[in-house]
Amino acid sequence: MKKKLLLASILASSFSSFAMGGGKENNIPIEKLNETVITTTEAFGTKTRETAKNIQVLTARDIKLKGAATVQEALKGIPGVIVRKYDGGMANIDLRGGGDAVSFSGTTLLLDGVPMNGLVKLDINSIAIDDIDRIEIIQGGGAVVYGDGSTGGVVNIITKAAQNKTNYGSINLELASWKTKKANLTYGTNLTDRFSVAASYSNTTSMEYRERGYGTNYLGEKFDYRNRKDEKESIMLRTKYELKDGAIDLRYSHTENIDIYTGYLEKKEFDKNPRQKGQYSGLIENKIDIWNLSFNKKLTDKFDFLVYGGYSKDKSINQKQETKEYFIKPELKYNYAKDSYIIVGGDYRKGEREFKKILDVNGVLGKAPNDERKSKAIYLLNKTSFGNFQFTQGYRREKVEYKYSEKKYNPMTWALEKIVPKGNDYSNNNSFELGINYLYSSTGNTYFNYTRATRTPTIGEAGAWHGEYKTQKNDIFEIGLRDYYKNTFINTSIFYINSENEVYYDKTDPNYSKNRNFDGKVRRTGAQLSLIHDFNKLTLRENISYINPKVKTGQYKGKEFAGVPKWIFNLGATYKFTDKFLINADMYYQSKAYAVDDFDNYHGRGNDYLTVDTNISYSFDNGLEIYGGIKNLFDEKYASSITSTRTSWGAGARKVYYPADGRSFYTGFKYKF
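Right, let's walk through the structure included here.

Remarks on the overall build of the chain
Here is step 1 of the chain: Within the chain one finds eight helices and 39 strands.
Here is step 2 of the chain: Per-residue burial over the chain gives 55% buried out of 673 residues.
Here is step 3 of the chain: Taking contacts inside the chain between residues at least 6 apart in sequence as the whole, the part at least 24 apart equals 64%.
Here is step 4 of the chain: With the model as given, the accessible surface of the chain reaches about 29400 Å², and the carbon-plus-sulfur share is 55%.

A word on the pattern of salt bridges
Here is step 1 of the chain: Considering all chains together, one arrives at 33 salt bridges under this definition.
Here is step 2 of the chain: Here Asp 271 ties to Lys 267 by a salt bridge, and the two come within 2.6 Å at their closest N and O atoms. Taken as a pair, Asp 271 and Lys 267 lie in helix 7 (residues 267-272) at a separation of four residues, close to a single helical turn.
Here is step 3 of the chain: Judged by its relative accessible area of 36%, Asp 271 falls in the partly exposed class.
Here is step 4 of the chain: Close ionic contact of Arg 396 with Asp 347 constitutes a salt bridge, the shortest N to O distance being 3.0 Å. Here the residue Arg 396 occupies a position in strand 24 (residues 389-409), and Asp 347 occupies one in strand 20 (residues 340-355), the gap between them amounting to 49 residues.

Comments concerning the side chain of Gln 528
Here is step 1 of the chain: Locating Gln 528 in the fold gives a position in strand 31 (residues 522-534).
Here is step 2 of the chain: Judged by relative accessible area, Gln 528 falls into the buried class, the value being 3%.
Here is step 3 of the chain: Here Arg 96 takes part through its side chain, which lies 3.0 Å from a polar atom of the side chain of Gln 528.
Here is step 4 of the chain: With near-sequence residues (within four places) excluded, Gln 528 lies in contact with Asn 54, Gln 56, Pro 79, Gly 80, Arg 96, Gln 139, Asn 491, Thr 492, Ser 493, Phe 495, Ile 544 and Ser 545.

Quick word on the sheet that holds strand 7 (residues 114-115)
Here is step 1 of the chain: Strands sit in the order 3-8-9-6-7 across an open sheet of five strands; the sheet is mixed. In the strand order of this sheet, the two ends are held by strand 3 (55-59) and strand 7, each with one partner.

Describing the nonpolar core
For soluble globular proteins, nonpolar side chains are generally found buried alongside one another.
Here is step 1 of the chain: Of all hydrophobic cores here, the largest spans 26 residues; its most connected members are Leu 75, Ile 93, Ile 135 and Ile 157.
Here is step 2 of the chain: The set of elements that each furnish at least two residues to this core consists of helix 4 (71-75), strand 4 (81-84), strand 5 (92-95), strand 6 (107-111), strand 8 (132-139), strand 9 (153-159) and strand 17 (281-298).
Here is step 3 of the chain: In contact with Ile 157, not counting residues within four places along its chain, are Val 71, Leu 109, Leu 110, Leu 111, Asp 112, Ile 124, Ile 127, Ile 132, Arg 134 and Ile 135.
Here is step 4 of the chain: Membership of the second largest hydrophobic core comes to 15 residues, among which are Ile 476, Tyr 556, Val 564 and Phe 599.

Concerning the packing of aromatic side chains
Here is step 1 of the chain: Taken as a whole and judged by the stated rule, the model has 36 aromatic pairs.
Here is step 2 of the chain: The interplanar angle of 80 degrees and the centroid separation of 4.9 Å between the aromatic rings of Tyr 575 and Phe 577 together place this pair among those described as edge-to-face.
Here is step 3 of the chain: Take Tyr 575: its relative accessible area is 32%, and that puts it in the partly exposed class.
Here is step 4 of the chain: Members of the aromatic cluster, each reached through a chain of ring pairs, are Tyr 504, Phe 518, Tyr 556, Phe 561 and Phe 599.
Here is step 5 of the chain: The ring centre of Phe 495 lies 4.3 Å from the NZ or CZ of Arg 96, which sits over that ring.
Here is step 6 of the chain: Its guanidinium or amino end placed over the ring of Phe 561, Arg 524 lies 4.6 Å from that ring's centre, counting from NZ or CZ.

Rules and cut-offs
Residues numbered from 1 in each chain as written. Predicted model: local features only at pLDDT ≥ 70, side-chain atom pairs only at ≥ 80, totals over all residues. Heavy atoms only, no water. Helix = DSSP H or I, 4+ residues; strand = E, 2+ residues; numbered from the N terminus. Buried < 20%, exposed > 50% of the residue type's maximum accessible area, 1.4 Å probe, protein only. Contact = heavy atoms within 4.5 Å. Areas by Shrake-Rupley, 256 points an atom, 1.4 Å probe, with all protein chains shown as cover. Salt bridge = Lys/Arg side-chain N within 4 Å of Asp/Glu carboxyl O. Polar contact = N/O pair within 3.5 Å; in protein donor to acceptor, adjacent residues only side chain to side chain. Pairing = 2+ DSSP bridges. Core = buried A, V, L, I, M, F, W, Y, C linked by side-chain atoms within 4.5 Å. Phe/Tyr/Trp six-rings, centres within 6.5 Å; stacked < 30°, edge-to-face > 60°. Lys NZ or Arg CZ within 6 Å of the ring centre and 35° of its normal.

By themselves, these observations are geometric and do not establish any function.
Next comes the structure, spelled out in structure tokens:
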């Protein structure tokens, strides 16, 4: 009944908004149609309406209206997007019902166009929200340009570039529930007519929603985190040098993170008090350095050249390991006719994880061999325009190599007996795409796209694998439409996905959990709808997505793929009393789903929820803004994730819960100059 009432309210809101279309309009929807995207089939940039893919773009303005404090909060409510986070882990992005396994490594995460989910994995919540210019989400696309791991799609977080201004900056301070304090400082200037620099500093400390753990760990060591805060501190430097018909852009960020975490709760514990500490607790401390450099140049009227690359290093203090990764991607674009061009590109990526911890292997002390991952690829993209029709074709050939080690333990004593070096070579990963885009009016386009995307097991997955290694293959079919009608921006699509050899973590055998390729094919069908209605003072937003993930063959034939809710709704409204004073509210609904690892649907669906966030802000003429808000206004109790266990020991087979945050308050100010 809750879902039916919710859907009725959204439809009523939509129809009433269309009916009100004769009111005074602003230019926000038109701006969305003309936004430039750099993460779709090319990095040179193209307008959303000239792309045969489902694209959602979150601008800095959109993020501000939602009152989002992190990237995870900013992505909430986007059709087809789920962000999962376990205590002690990074937030993972799931696109179009990939499930938990896909959210770890089936979505390509980019920072300013450079992949950041290889050996070095970027915590999206470590990026200061004030440093973000836009977030681009391409669902089911990006396989030709970004290759292995793009079965779900691509998310590109684009930070703000240095501006050509004499002096500018901002100061932002915020206080929130659970002793949370946030600070952000930015400053930029142009040293010459062509050379600009900018810097920012961010710091966040918090005791977070759940209680801190204390006690004795499995080694007999005592710990007490009850008075210790989480802390994230980051520095970002940006420089830009303007060339004649080009630019050089260098960006550097340094992040230090201390995360106190606690584990799952049993059902009775969750129902009684979701804030209490879980079955285990721990601390993660790491330092991450990221360098990104890009160079673009218009060589002639017909040729454009672009090259960008990066270096990243993640030093894990408590886990005693260090990971480094290099990346470079050159592209050459030839414009052979109006709105027609061909792009030839390639990329090379190499990562290494060094283990510094001394291990005892049958009485012999030593370190585990380093993990290594290398990939190299070439690709070709072509776009041809005939009148209002645009045709795209793309092909990618990629080779991925792994070197890693597998640890063998004594099944009785759990003593480490052997470290076995291993390796894998995937040399025939072929991705391709075909697209047709029809510009049927000055504002509207409709499109069809087919993409073949691939994914190989990660090093972590390969180290605990069962059976033969196979490359996952996804065939993705999509038709969609984007337009601006009267006062409304429309973005909608329907899709059909067939996956084979899906990589997942199998826990259905209580005595032997392992990573493996899925036995059988999975079919996902669904639809997405995003509407934005703009009036003189009022903006309404409706986002709806439906996904039906079914296992079609194999041992789980007829079952529903685990961890995927069929319905996700977001209904939002922003009202501007004046140009300086606004209030915003967003409602989010997610339907029931099986636990993220319950592939035989043993435990049944659960965990549907509805939450409401609201925020308010006032801006003064002198650059000062004050704001505040409430998240989870009605203190809805739900889990950010639910997993299952099949053990015959202790409490037996059951679901366990990772609580989501309860109601919280925040207030702050920002001063821009």
